[in-house]
Number of protein chains: 2
Amino acid sequence: MVEFATLRLEDGVPIYLQIIRHVKAGIAAGTVVDGEELPSRRALSALLGVNPNTIQKAFRLLEEEGWLQSHTGAKSLISATAKQVETLRKNLPDYQARAFVRSMKALGATCADTVALVETLWKEEESE
Amino acid sequence: MVEFATLRLEDGVPIYLQIIRHVKAGIAAGTVVDGEELPSRRALSALLGVNPNTIQKAFRLLEEEGWLQSHTGAKSLISATAKQVETLRKNLPDYQARAFVRSMKALGATCADTVALVETLWKEEESE
DNA sequence: AAAAGTGTACTATGGATATAATACACTTAG
DNA sequence: CTAAGTGTATTATATCCATAGTACACTTTT
């Protein structure tokens, strides 16, 4: 069962996009695998405290992109071929790191400062 | 005059927030200083290709937060005390780095991999 | 003084996001 | 088999984001 208990919704970003990102991140990290069950729309809606339609929108888009399969009446399942996972694992970190580097440069930070900051925060967040 | 020519608008984030972020980043980086002139609402609207009302919203919020001063009929000016700048320079990089570390952990990356990726991309983007 | 530029305010419209409330067909568990 | 659970669809409403057009008072430039 794909876990959503750790997902903390932040505002400023559409909820349905955060749900999509959470699923893709799980697949890229290897904690979510092909064939795995997803919680029902209603159950996830209750867990996150959002409208069922919002969950449905996220799941519908994920299905259109080929990341899950749905059959009326039955639970939805993750669908991720080895090739899909490989592409995701390459592109996701790269995309996020690029955006981060750009924003740190805009702040006038140096490469060394940035790396040091990342290392410090990485250890900080390990103890939580 | 505060520069906006380098600002590339991305979708998924409200335009007025990107403008606010751009100004704050400039102040934190030291390229935008107290008393500096901002382009007029209409001029910036034309430069970025967005509605004047959107620019006005960004500037109004910046003024409410104390980052600029406006007087009807005259150009708006940056307002940034040393204390304000100091706080910004500390908090902005920290906030962005925290979000980055969290997202890389969600992807299952290690600290070493992440640092290596940042260093690689940092040099790549220098040649552009 | 006159003209151009500037900040500000207002109404109206459309799209995206999210919620709310139903409804129905299908699958699964009892 | 029956009931509960599930995917799916629909309509309605509210808010935010962005655009469009207009208007007016003030400042700066000419």
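In this report, we go over the structure that sits alongside the text. (Residues numbered from 1 in each chain as written. Chains lettered and ligands numbered in written order. Predicted model: local features only at pLDDT ≥ 70, side-chain atom pairs only at ≥ 80, totals over all residues. Heavy atoms only, no water.)

**Focus on the relation of the copies chain A and chain B**
Our working rule: When the copies are overlaid, the least-squares fit takes in C-alpha atoms only where the residue has pLDDT of at least 70 in both copies. By definition in these notes, contact holds between two residues if any of their heavy atoms fall within 4.5 Å.
Overlay of chain A on chain B (RMSD 0.0 Å): rotation 180°, translation along the axis 0.0 Å. The two molecules are tied by a two-fold rotation axis, judged by turn and shift. Rotation axis and chain A: the residue whose C-alpha lies nearest the axis is A:Val115, separated from it by 3.0 Å. Interface overlap between copies is the fraction of interface residues in one copy that are interface residues in the other; for chain A against chain B it reaches 100%, indicating a shared surface.

**Focus on the interface of chain A and chain B**
To keep things clear, this is the line we draw: When two components associate, each loses some accessible surface as probed by a 1.4 Å sphere; the sum of these losses over both components is called the buried area. The salt bridge definition used is simple: a Lys or Arg side-chain nitrogen within 4 Å of an Asp or Glu carboxyl oxygen.
Contacts between chain A and chain B engage 31 residues on the former and 31 residues on the latter. Of the roughly 3100 Å² buried between chain A and chain B on both sides combined, carbon and sulfur atoms contribute 71%. Broken down residue by residue, the surface that chain A buries against chain B is led by A:Leu107, A:Trp122 and A:Glu125, which jointly contribute 24%. The interface formed by chain A and chain B contains two salt bridges.

**Overview of helix α2 (residues 41–48) of chain B**
All names here are of chain B. As a reminder, the rule being used: A simple rule labels every residue: compare its accessible area, found with a 1.4 Å probe on the protein chains alone, to the largest value its type can have, and call it buried under 20%, exposed over 50%, or partly exposed in between. Each helix is a run of H or I in the DSSP string that is no shorter than four residues. Each strand is a run of E no shorter than two, and both are numbered from the N terminus. Picture the helix axis, draw a direction to every C-beta atom, and the arc is the one those directions span.
Residues of α2 that are buried: Arg41, Leu44, Ser45 and Leu48. Down the axis of α2, the buried side of the element spans an arc of 105°, and every buried residue falls inside it. Of the exposed residues in α2, the ones pointing more than 90 degrees away from its buried face are Arg42, Ala46 and Leu47. Backbone geometry just after α2 places glycine 49 at a positive phi near 75°.

**Some words on the protein's contact with DNA strand D**
The following threshold applies: Each residue is tested against the molecule or strand, and it is near if at least one of its non-hydrogen atoms lies within 4 Å. Within 3.5 Å is the distance limit for a polar contact, defined as a pair of N or O atoms, with the added protein rule that one can donate a hydrogen and the other accept it, and that residues adjacent in sequence qualify only through two side-chain atoms. Here the nonpolar group is Ala, Val, Leu, Ile, Met, Phe, Trp, Tyr, Cys and Pro; Asp, Glu, Lys and Arg are the charged ones; every other residue, Gly included, is treated as polar.
Close to DNA strand D lie 24 residues; A:Arg41, A:Arg42, A:Ala74, B:Ile15 and B:Tyr16 are nearest. Counting only atoms of DNA strand D within 4 Å of the protein, the fraction found in sugar and phosphate groups is 62%. Between DNA strand D and B:Tyr16, the relevant distance is 2.7 Å, taken from a phosphate oxygen to a side-chain nitrogen or oxygen of the residue. A distance of 2.9 Å separates a phosphate oxygen of DNA strand D from a polar atom in the side chain of B:Thr54. Broken down by secondary-structure element, the contributors of at least two residues to the surface near DNA strand D are α2 (41–48) and α3 (52–64) of chain A together with α1 (15–29) and α3 (52–64) of chain B. In terms of residue class, the surface near DNA strand D is built from six nonpolar, 13 polar and five charged.

**Focus on the layout of surface pockets**
Which entries qualify depends on this criterion: In the cavity and pocket records, a cavity denotes points on a 1 Å grid over the protein atoms alone where a 1.4 Å probe fits but cannot get out, a pocket denotes an open set with protein on both sides within 12 Å along at least 5 of 7 lines, and lining residues are residues with an atom within 4 Å of a point. Grid points are joined across faces, edges and corners, and a volume is the space filled by probe spheres set on the points.
In this model, the second largest pocket occupies a volume close to 170 Å³. Together, A:Ala28, A:Arg89, A:Lys90, A:Pro93, A:Asp94, B:Met104, B:Leu107, B:Gly108, B:Ala109, B:Thr110, B:Asp113 and B:Leu117 line the second largest pocket. Where the lining of the second largest pocket is concerned, the elements lending two or more residues are α4 (82–106) of chain A together with α5 (111–124) of chain B. With four residues, α4(A) is the single largest residue contributor to the lining of the second largest pocket. Partitioned by chemical class, the residues of the lining of the second largest pocket number six nonpolar, two polar and four charged.

**Let's talk about the protein's contact with DNA strand C**
Around DNA strand C sit 23 residues, and of these A:Ile15, A:Tyr16, A:Asn53, B:Arg41 and B:Ala74 come closest. Protein-proximal atoms of DNA strand C, defined as those within 4 Å of the protein, fall in sugar or phosphate at a share of 61%. At 2.7 Å, a side-chain N or O of A:Asn53 approaches a base nitrogen of DNA strand C. Measuring from a phosphate oxygen of DNA strand C, one finds a side-chain N or O atom of B:Ser40 at 3.4 Å. Elements represented by at least two residues in the surface near DNA strand C include exactly α1 (15–29) and α3 of chain A together with α2 of chain B. The leading source of residues in the surface near DNA strand C is α3(A), at three residues. Here the residues of the surface near DNA strand C are counted per class, giving six nonpolar, 12 polar and five charged.

Everything listed here is a matter of coordinates, which is why it stays silent on function.
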